Amino acid sequence: QSLPQQKLLTWLSVLECVEVFAEMGTARVWGEMGRWTIIVLIQLAKAIFRLLLLLWYKAGIQMSPPIVPLNREQQQPLHPQDTEDNSSGKDQTYVGRRSSRVVRSLQSTPSLQSRHWGSPQQREESQSRRAEEMNQPPTPLGLQETIAESLYVTRPLLHLLSLGVWGQRSWKPWLLSAVLDITSLSLLSDLKDLNRRERAELRRRTILLLYYLLRSPFYDRYSEGRILLLLRLLADYVPGVGFVTRPLMDYLPAWQKIYFYN
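Description of the structure in this document. (Residues numbered from 1 in each chain as written. Predicted model: local features only at pLDDT ≥ 70, side-chain atom pairs only at ≥ 80, totals over all residues. Heavy atoms only, no water.)

The subject of this paragraph is the overall build of the protein. Along its length, the protein carries 9 helices and 2 strands. Put simply, the protein runs from its N terminus to its C terminus through helices and strands in the order α-α-α-β-β-α-α-α-α-α-α. Scored against the burial criterion, the 262 residues of the protein give a buried share of 34%. Considering only intrachain contacts with a sequence separation of at least 6, the fraction spanning at least 24 residues in the protein is 69%. When the accessible surface of the protein is totalled, it reaches about 17300 Å², and 62% of it is carbon and sulfur. (Helix = DSSP H or I, 4+ residues; strand = E, 2+ residues; numbered from the N terminus. Buried < 20%, exposed > 50% of the residue type's maximum accessible area, 1.4 Å probe, protein only. Contact = heavy atoms within 4.5 Å. Areas by Shrake-Rupley, 256 points an atom, 1.4 Å probe, with all protein chains shown as cover.)

The subject of this paragraph is the side chain of Arg155. Within the element layout of this structure, Arg155 appears in helix α5 (residues 143-166). Side chain to side chain, Arg155 and Asp181 meet in a polar contact 3.2 Å long. (Polar contact = N/O pair within 3.5 Å; in protein donor to acceptor, adjacent residues only side chain to side chain.)

Quick look at the side chain of Glu201 now. Following the sequence through the fold, Glu201 ends up in helix α7 (residues 196-207). With relative accessibility at 3%, the residue Glu201 sits in the buried group.

Note that Trp171 resides in the loop between α5 and α6 (172-188). Sequence separation between Trp171 and Phe218 is 47 residues; the distance between their C-alpha atoms is 8.1 Å. With near-sequence residues (within four places) excluded, Trp171 lies in contact with Pro217, Phe218, Arg221 and Tyr222.

Let us now look at unusual backbone geometry. Of note, the amide linkage connecting Ser64 to Pro65 takes the cis form, showing an omega dihedral of 0°. Mapped onto the fold, Pro65 is located in the loop between α1 (3-56) and α2 (72-75). A positive phi angle, near 55°, is found at Lys58, a position not held by glycine. Tracing the chain through its elements places Lys58 in the loop between α1 and α2. In this structure Lys58 comes out as exposed when scored by relative accessible area, which is 60%. Here the phi dihedral of Ser100 falls at roughly 60°; this positive angle occurs in a residue that is not glycine. Position of Ser100 among the secondary structure elements: in the loop between β1 (93-95) and β2 (102-104).

This next bit is on the pattern of salt bridges. Charged atoms that come close allow side chains of opposite charge to pair. Inspection of the entire model under this criterion finds 9 salt bridges. A salt bridge links Glu149 to Arg205, with the shortest nitrogen-to-oxygen separation between them at 2.9 Å. Of the two residues, Glu149 is situated in helix α5 and Arg205 in helix α7; the sequence distance between them amounts to 56 residues. An identical accessibility class is assigned to Glu149 and Arg205; each is buried. Residue Arg205 pairs with Glu201 through a salt bridge whose shortest N-O separation is 3.0 Å. You can see Arg205 and its partner Glu201 sitting in helix α7, 4 residues apart, about one turn around the helix. One connected set of salt bridges, linked through shared partners, spans Glu149, Glu201, Arg204 and Arg205. (Salt bridge = Lys/Arg side-chain N within 4 Å of Asp/Glu carboxyl O.)

In structure tokens, the structure reads:
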């Protein structure tokens with residue numbers, strides 16, 4: 001990736017990390033008008049960054065999160081003693097004659113801080129497999145797939161625009177957002193040679209369609225009573241579950257207004 005593309009991914013990750021905090025802080029200081037202003041500005045910036053990555057840098061299907069979190073255990077380099085043993089030709093493992101179990105030899109045991117509980121071959125294979133997955137280029141998108149990804153990127157802006165036109169109680173923004181999501185997924189489903197991260201992203205987007213059950217006005221008219229009834233039954237009749245479900249019932253209205261409107 002080029003340096004400008006890395007910067008775009010970094011700023012996109014920062015926006016996704018702080019957007020809820022910025023929204024709640026702005027609402028506390030400047031009220032509802034300031035809250036919706038910061039929401040529009042953040043979603044507009046995210047859409048611009050994603051469209052630049054899609055159309056200019058040909059980044060393919062947009063991942064979430066934009067930058068993969070670092071797995072420090074898998075990224076940890078081999079112990080210097082292991083490297084010395086490899087160069088000197090010592091065997092790092094011993095295979096049992098009857099059990100065929102692979103164990104580390106005493107000569108190649110690293111220090112406690114850098115010790116891991118797998119064979120060196122397994123660790124090297126996992127590191128090489130992860131590096132190969134990270135270095136896989138994005139799948140090239142045709143015109144149909146580019147339109148589908150553009151629909152997914154601009155859907156939050158179109159949803160906010162429809163909220164401003166028809167209001168938060170109207171079904172039209174809910175239906176428009178759902179149609180755009182389903183259309184984008186159906187157009188992207190024709191892609192065949194996707195890498196592992198892209199397939200996982202499409203599965204994540206499919207699962208997130210369940211969020212429409214928690215979005216207004218569907219939640220206000222249909223889901224709220226049933227979800228609260230289910231949580232209340234679990235709290236009353238299943239021992240120990242009430243420690244989770246009762247706070248969930250208290251916080252669900254606030255979460256629904258913050259995390260599921262967009």
